[in-house]
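# What the coordinates show
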Amino acid sequence: MGELTQIEVEIVEEKAPQMVRFVGIFQSIIGLVAMGVGVLLLAPLVGPFIAGEINFGSFAGILILNTMPMILFGLWLFNIGRSVYKVFAHEFPWIIYANIIYFGLLVWIGGSLPYLAIGSLVAILLLFTPSVRSYWWKLFKEDLGPRMKELRYSLYLIRRSPLVVVGVVIILGYVFIALTVNLWAPYGPTERIWTETLQAPSPTHIWGTDQNGGDIFSMVMWATRIDLRIALTVVSVALIIGTFLGAAAGYFGGAVDEVVMRITDVFFAFPGLILAMAIVSALGERNLDNIAIALMVVWWPTYARLVRGQVLIERERLYVEAARSVGASDFRILLTHILPNTVQPVIVQATLDLGGVLLTAAGLSFIGFGAEAGTAEWGLMIATGQDHFTFYWLVFYPGIAILLCALAFNLVGDGVRDILDPKLRRR
Amino acid sequence: MMTMTESDNEIHDSQDEIHTLEPDVILDVRGLKTSFYTYEGVVKALDGVSVQLKKGQTLAFVGETGCGKSVTAKSIMRLVDSPGVIEAGEVVFRDRTLDKEEVISDLLKLSEDEMRHIRGNRIAIVFQDPATYPNPVFRVGDQIAEVISLHQNLAEEALVMKIDRLEETLAENPQAPNAEEIKEKISEYKSQLDDPPPPTDDDKKKVAKKKAVEMLKMVRMPSPEEIANQYPHELSGGMRQRALIAMSLSCNPQILICDEATTALDVTVQAQVLNLLNELKADFDSSIIIITHDLGVVAETCTHVAVMYAGVVVEYASTDELFSDPVHPYTSGLLRAIPKLTEKVDRLLQIKGMVPNLITPPTGCRFHPRCEFATSICSEQRPPREEVKPGHLVECFHPQGSVKGRR
Amino acid sequence: MKWSTMRLRDYVIRRIFLSIPVIIGVLAITFVLAYVVGNPLALYVDERTTPDAYAAIRLEHGLDEPIYVQFFLYLRNLFAGDWGYSNTARMDVIPTIQRYFPATIELAIVSMIIAVVIGIPLGIISATKKDKLTDHVTRVIALAGVSMPIFWFALMLKYLFYFQFFMWGLPFLPEGGRYSFIYVDYTPITNFVLLDAVLTLNGVLFFDALIHFVMPAMCLGYIFLAIITRMMRSSMLEVLKEDYITLARSKGLTERVVIYRHALRNAMIPTVTVIGLAFGGLITGAVLTETIFSWPGLGRWAVAAILTSDIPSINAFTILVAIIFVSANLIVDLIYATLDPRIRYG
């Protein structure tokens, strides 16, 4: 019924201008550099590890925490470059997103690495030069229209659920504290005033002091950095590993699927904290890095299962069939067609898990793993405070900090799940 | 649901209002308006639907997807889910009680309790998708028995069942030591038959289950005893649909609404179900409302047709009349769009344009943007309902067919 | 009828067989953790151990064998009941478990009962009153429970009901333990205090033990109440949108019957899964709270073992918990199959 809207099919010219090719190559180089950075992070440890000077735990820590994510990320950046070189117009915007994430990652790791980020900025700027822009901008804008409409509807739904707004505000508050605590905290994270131990909350120490004279308020604030960082790294690494394995399992099926799924079965046979406990005690050394590793090992199967399930659904969709029929490679289909469609549930799960990881990490700390005594870390503060539990402020404030933070992540995760759920998203 | 329960209180008082109905008419829908309050705006799904159903008729609602057929059915049953609200209108229903007394009432003004007495009992509905409508965790027989024991007293049946069972034991073993006792019991029960005592829950359940099996037999289900003990997912689509029909017929309703009841079935099963419905209508002395977009179904089974467009009944007539002399341009468009087996055409005919957005429906006649006969008045005023021929009602300024140009 | 029971039995058998590889995987992981990643000799050696002595110890423990032989030996020992010596409890692991297990299980069961009895109705009410005040309050209570560090909650309860009530001169709850051994006479029979009290008709002991249960059970119970309430609410909301609910309403059933008969049975299906998972979580919670309430259970033992790097105890605890967890999941799957007739034919 009615006239069909004419779909304008834009045929990409055979000969793309040099500039587009250049941007592609440039982006690929950024990817290669990122992979190099990953390797370099591990390099200084290889010798000592072989010589037996450092233990498996620290080595694995660097490998899993820094090297693997960086190399995988580099691979992704490289692949975007390749797609741009081949003039797949709809992949141009990915340069922007990926480079922004890359920039953040470099700043996160710190050192002299942020200088490398200049390359990312150049890549983004190059994207907006007129000859390159003409290739993707129109498509991008057309693509953006319906997305913006959905986004506006989502924002409307968020406004209608005040709990999500509360959660977002709390999270932003925590992030703000973590970023700026060095500017305004009254005391340093390990500063002790030996003459003022176990003081009740007062104007000088608004949340009191602990048995060693540490200012509880300052310590709780400083701990924001450590705890948020653990939660973020654990979830992001678990997410990368889990997504990778889950996608492979779901897409290729057969033996790969069987192996990955049986492994996740075994991991799901343990309650998270107990397995993490066993891993940390096997790793021997007690520090925050080992907690992080243990939690990643515990958490990746969640994502593997989630992504596998989604991939299984998406794999059968017609658009995948269409992509396959025009000769797209498996890797390409998986990366550009299937995975973007699994993002929503993964994001929701990750948000909820940020709270879960935070709680489990604090629990591990409380049992006696984790940071060395005296570190400003919430779980540890409660653990040391339990011997003096009649001085409630030692335990109360760090606990409230954990509770609020986990609550905020849960509020947001919960709300966002309802908002994104197509079943509940009736207008 | 919420909204309806809330508005119960104010409606309750106006119970005494006397509704009138022409004889024979069993359901009269007058100016029914239902809206859905959504993010994008108020969807006026029904905008003054008026239609009559007479006793023994089979009435069809036809129209394109989204024209409000199902909403009409759900509004009659007061089953519109939030965010939908029934805003105005009357649904006057002639209720025959057991003692043949007639009660005429507006369903929209009944209390929730009174309405529950109507639902499933006086007016029953069969829904579109047999895959999702039966409750997956209950046995088919139990689901049917549930309606029966809810709406029927079953006292007499329970008593008869007891007597039968005792007589059976007696017949099997006449020399039993307690034979005298049993005989006494039987005569005691028989004396109660005129005024049976309320049955125990257990007896009621058993009788209801037995009746459920009977109902399954009635809808031509093979081996009904076995089916009654199976779960819905063990049945095929056609069988499930028949089970749903059995469920809705089990209280001998005066009106059976079939909301696209045959759409999800394949053609042969569809024919079986339709024949079944027609036979059952005669057996049970009920009236049927069929909601469909399949004009073939209409021609085969219905006595009357109401054509809906964008929340309005634009034309109402008997089936023969409507098919031979469509008056509303939309109806004739619909009929022309049916491909004919005997002709070969390059391109099937269609009605130009799309069903309008009901948040901002066209002014005046809702069909005018797509109508080839539209004039300026069509966009300014809503056409009044007019009886162009006896029993043939149309809402149109420019009626076509045999009455063309009368205005 | 007979046919479907047959199917159910087949399903049970299949499901039990499926959990065998999982148990083997569990044992493999614990083996890898204890023998490959960790150093099983950590307790026997220090910096003064000479290389020769070290080699002798390795030989003695069979650590020079190839890894698969070691794994086989490990399995053989486990199945033979030789789970090693628990340095923490100063006796063999198996009797240690027998001693501590009832305390933890009893606590878990009492907490679970509290959580289920309150959580399920709360979830239903929240779902049926969606977006009303009741719903908002219930959601916040539930979300707070999910986000609560359980050890912190335990300490706060202890501070309030033990210390602060004592300071205020109110009747206060006992600080910890399972019963007041000072003035209650108790000889364990089954080691489940409440059960023993009932068996011996000892009212004083029963009441005393109950008082001791209040704080730990409140603490564990609240967390799981939160999980159950949340799950119940969301699955109830989902079920209430289903077509068969419309059908149930169209039959003329009252809202009560629609919710408690037609919707509840369907909504319970996912909730039961969560209850099973939560049972594993209860053991986790026990690890974090038993120390605080001096509850003589597995959790307290495990934490003590961790602090002294007592590998056999940690290993045994891990295996035990995994087995409990797997069995809980098995039971849940069976309940699931009885609740949802579709499962057995899947």
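All values reported here derive from a predicted model rather than from experimental measurement.

With that settled, the discussion passes to the pairing of strand β7 (residues 255-259) of chain B. All names here are of chain B. In terms of residue burial, β7 counts as a mostly covered element, since five of its five residues are buried. Going residue by residue along β7, you find Ile255, Ile257 and Asp259 tucked away on one face and Leu256 and Cys258 tucked away on the opposite face as well. Where strand β6 (residues 123-126) and β7 come together, four bridges link them in parallel fashion. Residue pairing across strands places valine 126 opposite cysteine 258, the latter belonging to β7. Two strands pair when backbone bridges link them, and β7 and strand β8 (residues 287-291) are joined in this way by five bridges, in the parallel orientation. Across the sheet, the residue bridging to cysteine 258 is isoleucine 290, located in β8.

Moving on: helix α1 (residues 18-50) of chain A. Residues and elements named next belong to chain A. Over its 33 residues, α1 extends 47 Å from the first C-alpha to the last, a length consistent with the 48 Å expected when each residue adds 1.5 Å. Along its length, α1 shows its largest kink, about 35°, at proline 44. Listed as buried for α1 are Val20, Val23, Gly24, Gln27, Ser28, Ile30, Gly31, Ala34, Met35, Val37, Gly38 and Leu42. Positive phi shows up at glycine 52, right after α1, with a value of about 80°.

Take C:Val204: it is sitting in helix α8 (residues 203-240). Residues C:Val204 and C:Val184, spaced 20 residues apart in sequence, show a C-alpha to C-alpha distance of 7.4 Å.

Now for unusual backbone geometry. Even without a glycine there, the phi angle at B:Leu154 is positive, about 65°. Along the polypeptide, B:Leu154 turns up in the loop between α4 (140-151) and α5 (155-172). The buried category is assigned to B:Leu154, whose relative accessible area is 3%. Of note in the backbone geometry, C:Leu201 takes a positive phi value of approximately 55° without being a glycine. On the secondary structure map, C:Leu201 appears in the loop between α7 (193-199) and α8.

At the interface, 47 residues of chain A touch 45 residues of chain C. Summed over both sides, the interface of chain A with chain C buries roughly 4,100 Å², with 78% coming from carbon and sulfur. It is A:Phe270, A:Ile274 and A:Phe389 that lose the most area in chain A upon contact with chain C, and together they represent 14% of the buried surface on that side. Linking chain A with chain C are one salt bridge. A salt bridge links C:Arg230 to A:Asp414, with the shortest nitrogen-to-oxygen separation between them at 2.7 Å. Counting across the chain A and chain C interface gives five residue pairs in polar contact (both at pLDDT 80 or more).

This part takes up the interface of chain B and chain A. If you look at the interface, chain B gives nine residues, while chain A gives six residues. Three residues, B:Tyr39, B:Glu40 and B:Gln350, lead the burial of chain B against chain A; their summed loss comes to 63% of the area buried on that side. Seen at the junction of chain B and chain A, the total is zero salt bridges. One can count zero residue pairs in polar contact (both at pLDDT 80 or more) joining chain B with chain A.

Take the pairing of strand β9 (residues 304-309) of chain B next. All names here are of chain B. The buried count for β9 comes to six of six residues, which makes it a mostly enclosed element. Both faces of β9 are covered, namely the face carrying His304, Ala306 and Met308 and the face carrying Val305, Val307 and Tyr309. By the bridge criterion, four bridges tie strand β3 (residues 58-62) to β9 in an arrangement that is parallel. When the sheet's bridge partners are listed, valine 62 is paired in β9 with valine 307. Summarising the sheet, β9 and strand β10 (residues 312-318) pair through six bridges and their orientation is antiparallel. Considered in β10, the bridge of tyrosine 309 is made with valine 312. In this structure, the hairpin formed by β9 and β10 is closed by a connection of two residues, where alanine 310 is found at a positive phi of approximately 50°.

The full count for this structure, using the stated rule, is 41 salt bridges over all chains. A salt bridge links A:Arg262 to A:Asp265; the nearest nitrogen and oxygen atoms lie 2.9 Å apart. Taken together, the residues A:Arg262 and A:Asp265, both in helix α8 (residues 254-268) and three residues apart, mark about one turn of the helix. Residues participating in the shared-partner salt-bridge network are B:Lys33, B:Asp47, B:Arg366, B:Arg382, B:Arg385 and B:Glu395.

Along its sequence, chain B is organised into domain 1 (155-198) and domain 2 (326-401). On a C-alpha basis, the centroid separation for the pair domain 1 of chain B and domain 2 of chain B is 66 Å.

As a further point, take the packing of α1(A) against helix α4 (residues 117-127) of chain A. Residues and elements named next belong to chain A. Look at α1 against α4: their axes get within 10 Å of each other, and the N-to-C directions meet at 160°. Between α1 and α4, the interaxial angle falls into the category roughly antiparallel. Every pair of crossing elements has a handedness; the one defined by α1 and α4 is left-handed. Facing α1, whose interface residues are Met19, Phe22, Val23, Phe26, Gln27 and Ile30, α4 presents Gly119, Ser120, Val122, Ala123, Leu126 and Leu127. Taken together, the residues of the contact of α1 with α4 break down into nine nonpolar, three polar and no charged.

Residues and elements named next belong to chain C. Residue placement: threonine 308 occurs in the loop between α11 (298-307) and α12 (311-339). Judged by its relative accessible area of 46%, threonine 308 falls in the partly exposed class. With 220 residues separating them along the chain, threonine 308 and threonine 88 place their C-alpha atoms 7.5 Å apart.

This part takes up the confidence of the model for chain A. Looking at chain A as a whole, its pLDDT mean stands at 83, while 95% of the residues score no less than 70. Considering only residues more than four positions removed or in separate chains, one finds that residues 1-14 of chain A, a stretch of pLDDT under 50, has 13 contacts.

Attention shifts here to the packing of aromatic side chains. By the definition in use, this model includes 35 aromatic pairs over all chains. Centre to centre, the rings of A:Trp207 and A:Phe217 are 5.1 Å apart; their planes meet at 85°, and the pair counts as edge-to-face. Of this pair, A:Trp207 sits in the loop between α6 (162-184) and α7 (216-252) while A:Phe217 is found in helix α7, placing the two residues ten residues apart along the sequence. For A:Phe217, a relative accessible area of 16% puts it in the buried group. For the pair C:Phe31 and C:Phe71, a centre-to-centre distance of 5.0 Å together with 55° between the ring planes defines the contact as tilted. With a gap of 40 residues between them, C:Phe31 in helix α1 (residues 2-37) and C:Phe71 in helix α3 (residues 67-79) connect regions that are remote in the sequence. Note on C:Phe71: relative accessible area 22%, which makes it partly exposed. Over the face of the ring belonging to A:Tyr85 we find A:Arg21, whose NZ or CZ atom lies 4.9 Å from the ring centre. Between C:Lys158 and the ring centre of A:Phe389, over which it is positioned, the NZ or CZ distance is 4.8 Å.

All names here are of chain B. For chain B, per-residue confidence averages 82 on the pLDDT scale, and 92% of positions sit at 70 or higher. Mean pLDDT in chain B bottoms out at helix α1 (residues 2-12), which sits at 41, and peaks at β9, which reaches 92. Note that residues 1-16 has pLDDT below 50 and, in this model, 27 contacts with residues that lie over four places away or in other chains. Under the prediction, the complex receives an ipTM of 0.86, its pTM being 0.80.

The next thing to look at is the side chain of A:Gln27. Residues and elements named next belong to chain A. Within the secondary structure, glutamine 27 is located in helix α1. Owing to a relative accessible area of 0%, glutamine 27 belongs among the buried residues under this scheme. Ignoring anything within four residues of it in the chain, the contact list for glutamine 27 reads Leu77, Ile80, Gly81, Ile95, Asn99 and Ala123.

About the thresholds
Residues numbered from 1 in each chain as written. Chains lettered and ligands numbered in written order. Predicted model: local features only at pLDDT ≥ 70, side-chain atom pairs only at ≥ 80, totals over all residues. Heavy atoms only, no water. Buried < 20%, exposed > 50% of the residue type's maximum accessible area, 1.4 Å probe, protein only. Helix = DSSP H or I, 4+ residues; strand = E, 2+ residues; numbered from the N terminus. Pairing = 2+ DSSP bridges. Expected span 1.5 Å × (residues − 1). Bend = angle between axes of the 7 residues up to and from the residue. Contact = heavy atoms within 4.5 Å. Buried area = accessible area lost by both parts, 1.4 Å probe. Salt bridge = Lys/Arg side-chain N within 4 Å of Asp/Glu carboxyl O. Polar contact = N/O pair within 3.5 Å; in protein donor to acceptor, adjacent residues only side chain to side chain. Domains from an automatic or database assignment. Axes fitted to C-alpha atoms, helices over the stretch in contact; angles between N-to-C directions. Parallel < 35°, antiparallel > 145°, perpendicular 65-115°, else oblique. Left-handed = near helix turned anticlockwise from the far one by under 90°. Nonpolar A, V, L, I, M, F, W, Y, C, P; charged D, E, K, R; others polar. pLDDT = per-residue confidence, 0-100. Phe/Tyr/Trp six-rings, centres within 6.5 Å; stacked < 30°, edge-to-face > 60°. Lys NZ or Arg CZ within 6 Å of the ring centre and 35° of its normal.

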